Structure formats: C-alpha cells, structure tokens
Amino acid sequence: MMAAGMGSVAVVECAEPAERELDAESADWLRRLSACDGVRRQESEGELHARLLRIALAEVSRRSGSTPVTGPELTDVAHQAADDAMLAILAKLAGFRGESRFMTWAYRFVILEVSSKLGRHYWRNAPVTLDAEQWDQLPDRLGIDPEQHAESAAVLAEVRRVVDDELTVHQRRVFVAIVVDGIPLDALAARLGLQRNAIYKVIFDARRKIRRALVAKGHLDDPGLEQR
Amino acid sequence: MSESERLDRFLRTDPRDVGCDEAMAVLHIYVDLTVTGGDAAERYPGVAAHLLACGPCSEDFTGLLTAVAGG
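About the criteria used
- Residues numbered from 1 in each chain as written.
- Chains lettered and ligands numbered in written order.
- Predicted model: local features only at pLDDT ≥ 70, side-chain atom pairs only at ≥ 80, totals over all residues.
- Helix = DSSP H or I, 4+ residues; strand = E, 2+ residues; numbered from the N terminus.
- Buried ≥ 20, exposed ≤ 12 C-beta atoms within 10 Å, placed from the backbone.
- Contact = placed C-beta atoms within 7 Å.
- Axes fitted to C-alpha atoms, helices over the stretch in contact; angles between N-to-C directions.
- Parallel < 35°, antiparallel > 145°, perpendicular 65-115°, else oblique.
- Left-handed = near helix turned anticlockwise from the far one by under 90°.
- Nonpolar A, V, L, I, M, F, W, Y, C, P; charged D, E, K, R; others polar.
- pLDDT = per-residue confidence, 0-100.
- Expected span 1.5 Å × (residues − 1).
- Core = buried A, V, L, I, M, F, W, Y, C linked by C-beta atoms within 7 Å.
- Domains from an automatic or database assignment.

S.K.: Summarise the overall build of chain B; cite the residues concerned and give the values.
M.R.: A count of helical and extended segments in chain B gives 6 helices and 0 strands. Overall, chain B is about 40 × 25 × 20 Å in size when its C-alpha atoms are taken along their principal axes. Taken over 71 residues, chain B has a buried fraction of 41%. When contacts within chain B are restricted to residue pairs at least 6 apart in sequence, those whose partners lie at least 24 apart make up 71%.

Structure, rendered in structure tokens:
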C-alpha cells in the first residue's frame, strides 16, 4: 500500500509542464506533481493519493450492494485501486492534455480500477458458478412472464432456440453467463482474460441476432435502428 | 412499459454505440461536460448511446460523476 508522503513510486519527468490552456487548479496540480523539488513533489503525490483513496473508498461503498465482495476485502480493493491509479496517473502525467479538469482525469483512473478489481474479486465469493445455465431465471432477466401470456412463452422459446442454434460457442457462453446467469460483465471479463469491450461486443452481436430472429417470427416490430 | 417494449429495449442495438473502449477513453471529458452544463450527449452521441446500453460503463459514469460532484 502506498502511504501519503512516501517517495515517488514512478519515474516522473522533472520539468516545467508545457504551456496549455488549463484551469488554475489543474495547472497547479500539474506543476506540483512535476516539480523538480523532490520534497514538494512527494507532498503533492501524498495529497493526490489521499484523495484517490477517499474516492475509492466511497466508490466501493456505493457499489457494495451489487457485489459479493464485502468487509475488509472491499476496503482492500479500495486501497489497491488507489495505489494502482496513482501509479498510472504518474506514468501518464505527461499525456494529460487538459481536455478535462485534472482531478476529473485523475479520478477516472481510480473509478476504472475499482470496476476492474471488483470484477476480479467477484470469483472469491461468487454467488453463481460459471456455466451454471440458470435458464429458469431468463424470464426475470428479460422482464417477461410466460405464465401470464402465451406469446411470452413463445418468445422465450425462440430466444432459447437462437442461443442454442445460432450463436457461436463463445457467443453462447458469454450470453448465458451475462444474461441468463447474471454474472457481472467485468467479472466474466476477468475470468475469461478478456477486455470489457470484447465481452460487450459479443453481447451486442448476440442481442442483434436474437432481435432479428424475433422480428422474423413476428414477435417484435421492424429492426429500425439496429441495422449496422 | 409492456413486456414487448422491455424486451425490445434490451435487444435493440444502436449503430452509434462506440463500445466500452472509446467511451471510457473520453469519460472524464464527458463527465466534465455534464457537470458544467455542456451538452455531452450532443458532442459525443456515440458515448451517450453506449452509456444507455452498457451497465458497467454506465456505472463508471455514475461513479465518476459522483466523485467529481463530491470533490
């Protein structure tokens, strides 16, 4: 864990930041974190780390209802997220272009670290196993009730048919994990060693494929926006 | 919302959707625009479309917005 005031943990360019159109606070942060005065720079790093940790702790608390990670492990996730965000920020400081305020840019790193780490920690106490295939949950996941409408039962049957017959093995596995079993996307990405975007793309394509099938069978209206 | 509408909303894909990588790359800009009253969705329609469809990225957006709002 990185303590406030601890020495620099990443190689930071000791140089005056280039002239940019920055707001005063952002310019001040950039100047302090790039200072040639090692003591001043370390103080600024400690201050930034304290802020990152506060944001990380608040974020894991905000997400506590939607993750099986609890207690000290959740606090540990926050500390790890703050530490890793700090390293990333210092490594990419020269790349800050002032497109947003500095602190918004910096907080983005810690929020994304929290997401990623909660995804990895999910499996330590996962409420569902990978490939559980809880098909009885599908009506709830899709928000439909086959016992109320005969049409709904036909829709569910068609969704199941497309998933089994028309999706690739990889698409099927991802769709079942995310949509049928309710595994968080980041958790599945961590488990399969894939990026979030790769999983999202699979789900995107599966949704489109299922929708087209439902339209073809008359269960839904014209594809409209989905054409790509 | 009817069952059919809920299902359609879940399955409908938006061709403007830029995906997670592009959306997260500009998340800080999008959030600052949102906080300062700028029209983030108009400037980044592909990001707006993505945040409507992607739960994890939407959660990150909310998290960053909350962090920035709280200082």
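Let us keep going from here.
S.K.: Would you mind going over the packing of helix α8 (residues 185–192) of chain A against helix α9 (residues 196–216) of chain A in detail, with residue names and values included?
M.R.: Residue and element names in this part refer to chain A. Their axes nearest at 9 Å, the elements α8 and α9 cross at an angle of 110°. Regarding the angle of α8 to α9, the classification is roughly perpendicular. The handedness of the crossing between α8 and α9 is right-handed. Across from L185, D186, L188 and A189 in α8, the residues of α9 making contact are R196, I199 and Y200. For the contact of α8 with α9, the class distribution of residues is 5 nonpolar, no polar and 2 charged.

S.K.: Please set out the interface of chain A and chain B residue by residue, giving values where relevant.
M.R.: On the chain B side, the residues contacting the 36 residues of chain A number 30 residues. At the level of secondary structure, the elements contributing two or more residues to the side of chain A that touches chain B comprise α2 (38–62), α4 (102–121), α6 (150–165), α8 and α9 of chain A. Considered class by class, the residues forming the side of chain A that touches chain B number 15 nonpolar, 8 polar and 13 charged.

S.K.: Break down the environment of S26 of chain A for me, with residues and values.
M.R.: All names here are of chain A. Tracing the sequence through the fold places S26 in helix α1 (residues 24–33). By C-beta crowding, S26 is classed as buried, having 21 other C-beta atoms within 10 Å. The spatial distance from the C-alpha of S26 to the C-alpha of M103 is 7.1 Å, given a sequence separation of 77 residues. Residues in contact with S26, not counting those within four places in the same chain, are G98, R101 and F102.

S.K.: Could you give me a rundown of the confidence of the model for chain B, with the residues and numbers involved?
M.R.: Residues and elements named next belong to chain B. With 99% of its residues at a pLDDT of 70 or more, chain B has an overall mean of 94. When the elements of chain B are averaged for pLDDT, helix α1 (residues 3–11) gives the smallest value, 85, and helix α2 (residues 19–25) the largest, 98. The ipTM, which scores confidence in the relative placement of chains, is 0.94 for this predicted complex, and the corresponding pTM is 0.88.

S.K.: Lay out α2 of chain A with the relevant residues and their values.
M.R.: For α2 of chain A, with 25 residues, the first-to-last C-alpha span of 36 Å sits near the 36 Å given by 1.5 Å per residue. Listed as buried for α2 of chain A are E45, L48, H49, L52, L53, I55, A56, E59 and V60 of chain A. The secondary structure elements touched by the buried residues of α2 of chain A are α1, α3 (71–92) and α4 of chain A together with α6 (55–70) of chain B.

S.K.: Before we move on, could you go through the confidence of the model for chain A and cite the residues and values that matter?
M.R.: Residues and elements named next belong to chain A. Across chain A, the average pLDDT comes to 88, with 89% of residues at 70 or higher. Taken element by element, the predicted model of chain A shows its lowest mean pLDDT in helix α5 (residues 138–142) (88) and its highest in α4 (98). Every residue in residues 1–11 scores below 50 in pLDDT, and together they form 22 contacts with partners more than four places removed in sequence or on other chains.

S.K.: Hey, could you go over the nonpolar core for me, with residue numbers and the actual values?
M.R.: Residue and element names in this part refer to chain A. Core analysis: the largest hydrophobic core is formed by 79 residues, its most contacted members being L52, A56 and V110. The dominant element in this core, judged by the number of residues it contributes, is α4, at 11 residues. Taken domain by domain, the makeup of this core includes at least three residues from each of domain 1 (24–125) and domain 2 (135–226). Those residues in contact with L52, other than ones at most four positions away along the chain, are A82, A85, M86, A106 and V110.

S.K.: Give me the domain arrangement of chain A: which residues, what numbers.
M.R.: Splitting chain A by domain gives domain 1 (24–125) and domain 2 (135–226). Residue-level contacts link 7 residues of domain 1 of chain A with 6 residues of domain 2 of chain A.

S.K.: Explain the packing of α2 of chain A against α4 of chain A to me, and be specific about the residues and the numbers.
M.R.: Residues and elements named next belong to chain A. Direction vectors running N to C along α2 and α4 enclose 40°, while the axes themselves pass 10 Å from each other. What the angle tells us is that α2 and α4 run oblique. Crossing geometry of α2 relative to α4 is assigned as right-handed. From α2, L48, L52, I55, A56, E59 and V60 reach across to α4, where they touch A106, Y107, V110, I111 and V114. Its residues placed into classes, the contact of α2 with α4 shows 10 nonpolar, no polar and 1 charged.

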